[in-house]
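Structural overview for review
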Amino acid sequence: MKILLGFKASPDLSMMAEKDWQADDSLHIDVSFTQTMLNCFDESAAELMLMVRDRAVWQEGELNLSALTIGESRSEHYLKQIYALGFQSAIRIDPTASIDLRFNPLAIAKVMQAYHQQIEQQSLIVLGMQSSEGHNMQTAMLLAELLNWPCITQVCDFRVIRESKQVIVIRQTEDEQQTLTINTPAVLAVGNSTQASALRVPTLKQKLAGAKNSIHRYSLDDLGLAPQELQQKNDKQLTKLTRQQNRRAGVIITGGTPQEKARRLYHDYLQGRLG
Amino acid sequence: MKIALILDADSPSFLQQAQEINRFLQQSHLAASEVALWLFHRNSQPDGLPQFDCPITQIQWLKSPELLLADLVLPLLERVHQIYPAELLLFSGCSLGNELATRLAFRLNGASCLGVISGQMNENGCQVEKSVYGNNMLATLTLQATPCCLAVARQGSAAASTRDYQSIEQQLILTEVEAPTWLAEHQISIPEQQPLLNRAERVLAIGQGAGNSQNVQRLNEIAQALGAQLGVSRPVAMNAWSSMSTMLGMSGALVAPEVCITAGVSGAAAFSVGIRHSKLIVAINTDPDAAIFSQADVGIIDDMNAVLEALVACVQQSNIRGVP
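Residues numbered from 1 in each chain as written. Chains lettered and ligands numbered in written order. Predicted model: local features only at pLDDT ≥ 70, side-chain atom pairs only at ≥ 80, totals over all residues. Heavy atoms only, no water.

Attention now moves to the side chain of Lys 110 of chain A. Residues and elements named next belong to chain A. Within the element layout of this structure, Lys 110 appears in helix α3 (residues 105-119). Residue classification places Lys 110 among the buried residues on the basis of a relative accessible area of 14%. The contact partners of Lys 110, leaving out residues within four places of it in the chain, are Leu 146, Leu 225, Glu 229, Leu 230 and Gln 232. (Helix = DSSP H or I, 4+ residues; strand = E, 2+ residues; numbered from the N terminus. Buried < 20%, exposed > 50% of the residue type's maximum accessible area, 1.4 Å probe, protein only. Contact = heavy atoms within 4.5 Å.)

This is how it looks when you write it as C-alpha cells:
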C-alpha cells in the first residue's frame, strides 16, 4: 500500500513585524527572511502516517510512505527530516516562479494529480486541511475531484487494516464524530488531531541514516504540465492585498500588586458583567 | 441574478450558520432578482426558519441521508442546480459547507472560494474578500467562472431570528443517493451535550502561559467562579490540557461574548480571530510586548493566576454584599 503525504513548508508569520506587512507591486509579501515551519495540520498528517506504520508489522514492500512538497529549495529541510523518520521517498516539485500558487489550490491539486499519474500511483493521499498563507482549505477536495476519488475531510485519526487494505478513518465534524471504513483509493484531509498533535523528532542516528537518501526533484515539465494549464478560468485571481488589523484601546491598568490591579479592573470594567 | 442559500436545517447551529450568511449579505453588493433557500433535512422540518437580509422567493427541501457526507449529497445539489440554475450559491462556513462549495463548483465548471467576508458581482465576475496570511491580511480575489460557489467566513454569530414562510412556494425533493461503493461501514456518535462555549456570555480564554494541565484545571474552577466558560488556545488543546471542544481560534470555536478575559495568551492572529467579536476584551500577561494587549480594550501586565484569584475574590465579595 502506498501512502503519499502532500505538505507545505509555511513561513512562520509570528516573526513578521508590523513594517513587514507590505505587499509589493505584484501583490507579494516578502516572507523570505522568516523561518519556515510545517503547519500544524501537515504535522498531524505526517505523524498519523507514522502511526499507521507503527501499528502493524509490515512485510518488506507492503507499506510505502512518501512525502511530496511543491515549492522552493528551503522546504528540503523537511524532506530530510521525513527521510530520517523512515519515509521511503521524499519528493520536491519545483514550480516555475511565474505562477502564483498562493490562492490557486486547483493548480496545486493538478500538480499532485500529475505526480500520481505520471510518476508513482498511490492508494491514499493525505494532506493537511489548510495552510497559513492562502487559507484556501480546498486542495484535498479538488485533488479528489480531479482523480474521481472520495475525499474524507476533518480527519482526526486513521488506521489501515493490513489484511483487507481497508482504511478506518475517524472524522470530527462540528456536530458529530463519524467512523468510516473505506476502500482505497481515497484522499484524506487532516484537521484537528489530538492523537497526533505534533510530528515526532528524529534522533541523531536516524538523521544520519536518513541523510543517505536523495530527494527526488521534478519540474512541471517532467510531470507533463504546461504552465498555462495551471492558470485556468476557474482559478482565483488576486487583485488586492491590504493589512488587516484588529486594534483596540489597550488601556493598561497599573497598581502595586496583582490584587490592586484586579480590584481596579473589577470596579472600572467588570462589575455587573461577571459573577 | 439568481442566488441560492444552502444550509443543513438539522445542524444544532443551523440558525447561527444562517446568521453568518446574513452577515455576508449585509457586507456585500449583490443585485439579487430571486433568492432560493435550499435546506437539507432528515425527518421533520424545523419549526422556525431563519430570517434573511434579502427576500426569499422559494424554498427547496432536500432530504439528507443518515450519514451526512458531501459525496452523498453532491449529486442532489447538481440536480437541484439543473432545475434552478443559480449564478451564486452561498454555503455556510462549516466543514460540510466548505466541502460542498468547493466540489459543487468543480462539477459545475464554476469557481469557488471559502471563508469569504463580502462579495460583489459585476461585469468582471465575482469579487470576494477574505482573510489570508494568518488573518494578518485581507485579500480581494476575482472569480470569473460561473456559477460561483462561496462558503462564508465563520464569525461566531448569534442565532438568526426566525420567521414564518407559509406564503412562500416550497418544494420537496426526496431523491436519496445510494451509498457509495468505497464506503464499507460507518458509525456515528453524537456528543450528549453541545459545547457551551459558543453561546457563553463570559469566556475565560487561556493560553500556554497557563503552564500545565493541573493549572488548567484550577483555571477552569476560576472560570466557573467568574460565571464564565473556559476557552483555550491551540497549544493548550493540543497538549491535552483541556478538551478539543474548548479550543478557540481559526480551527476551533469562534465566540462573541459580552466579556472575554484572556490570560497567558500571546495574541497570535490565528487565535485572536476566535475572540475578536467579543464586546469587551481583557488581557492578562506577564510580557508587556505581547500582541494581545493591542487587541484588548484593557490589560494587566502581571501574573495571570494572581490576578485571576484576586478577581474571583472581588466577585465573591460583591456577591456577599449583594451588589450586582
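Having put the structure on the table, let's press on.
Looking now at the environment of Gly 134 of chain A. Among the structural elements, Gly 134 of chain A can be located in the loop between β6 (124-128) and α4 (139-147). Residues in contact with Gly 134 of chain A, not counting those within four places in the same chain, are Arg 102 and Phe 103 of chain A together with Lys 130 and Val 132 of chain B.

All names here are of chain B. For strand β7 (residues 125-132), the buried fraction is high: 6 of the 8 residues fall into the buried class. As consecutive antiparallel partners, strand β6 (residues 111-122) and β7 are separated by 2 residues. With antiparallel pairing between neighbouring strands as the criterion, β7 and strand β8 (residues 137-143) make up a hairpin whose turn holds 4 residues, including Tyr 133 at a positive phi of roughly 50°. (Pairing = 2+ DSSP bridges.)

For an interface, size is often stated in terms of accessible area lost upon the parts coming together. Residue and element names in this part refer to chain B. Examined at the domain level, chain B breaks down into domain 1 (2-174) and domain 2 (197-321). Placing the centre of domain 1 and that of domain 2 at their C-alpha centroids yields a distance of 33 Å. Contacts between domain 1 and domain 2 engage 8 residues on the former and 12 residues on the latter. For the domain 1 face of the interface with domain 2, the top three residues by lost area are Asn 135, Arg 154 and Gly 156, together amounting to 60%. Put simply, domain 1 and domain 2 have 0 salt bridges between them. Applying the counting rule to domain 1 against domain 2 returns 3 residue pairs in polar contact (both at pLDDT 80 or more). Residues that form the side of domain 1 that touches domain 2 fall into these classes: no nonpolar, 6 polar and 2 charged. (Domains from an automatic or database assignment. Buried area = accessible area lost by both parts, 1.4 Å probe. Salt bridge = Lys/Arg side-chain N within 4 Å of Asp/Glu carboxyl O. Polar contact = N/O pair within 3.5 Å; in protein donor to acceptor, adjacent residues only side chain to side chain. Nonpolar A, V, L, I, M, F, W, Y, C, P; charged D, E, K, R; others polar.)

What follows concerns the pattern of salt bridges. Within this structure, the stated rule accounts for 27 salt bridges over all chains. Two residues, Glu 309 of chain B and Arg 218 of chain B, come together in a salt bridge whose shortest N-O distance is 2.8 Å. Of this pair, Glu 309 of chain B sits in helix α7 (residues 304-321) while Arg 218 of chain B sits in helix α4 (residues 213-225), placing them 91 residues apart in sequence. Its relative accessible area of 34% is what places Glu 309 of chain B among the partly exposed residues. Note on Arg 218 of chain B: relative accessible area 33%, which makes it partly exposed. Each member of the salt-bridge network shares a partner with another, and the members are Glu 145 of chain A together with Asp 71, Glu 78, Glu 99, Arg 103 and Arg 107 of chain B.

Turning our attention to the interface of chain B and chain A. Residue-level contacts link 92 residues of chain B with 79 residues of chain A. Interface area for chain B against chain A, summed over the two sides, is near 7400 Å², with a carbon-plus-sulfur share of 56%. By the criterion of area lost to chain A, the three top residues of chain B are Tyr 133, Met 137 and Trp 182 of chain B, representing 11% of everything that side buries. Taken together, chain B and chain A are joined by 4 salt bridges. Of the charged contacts in the structure, one is a salt bridge between Glu 145 of chain A and Arg 107 of chain B, with a shortest N-O distance of 2.9 Å.

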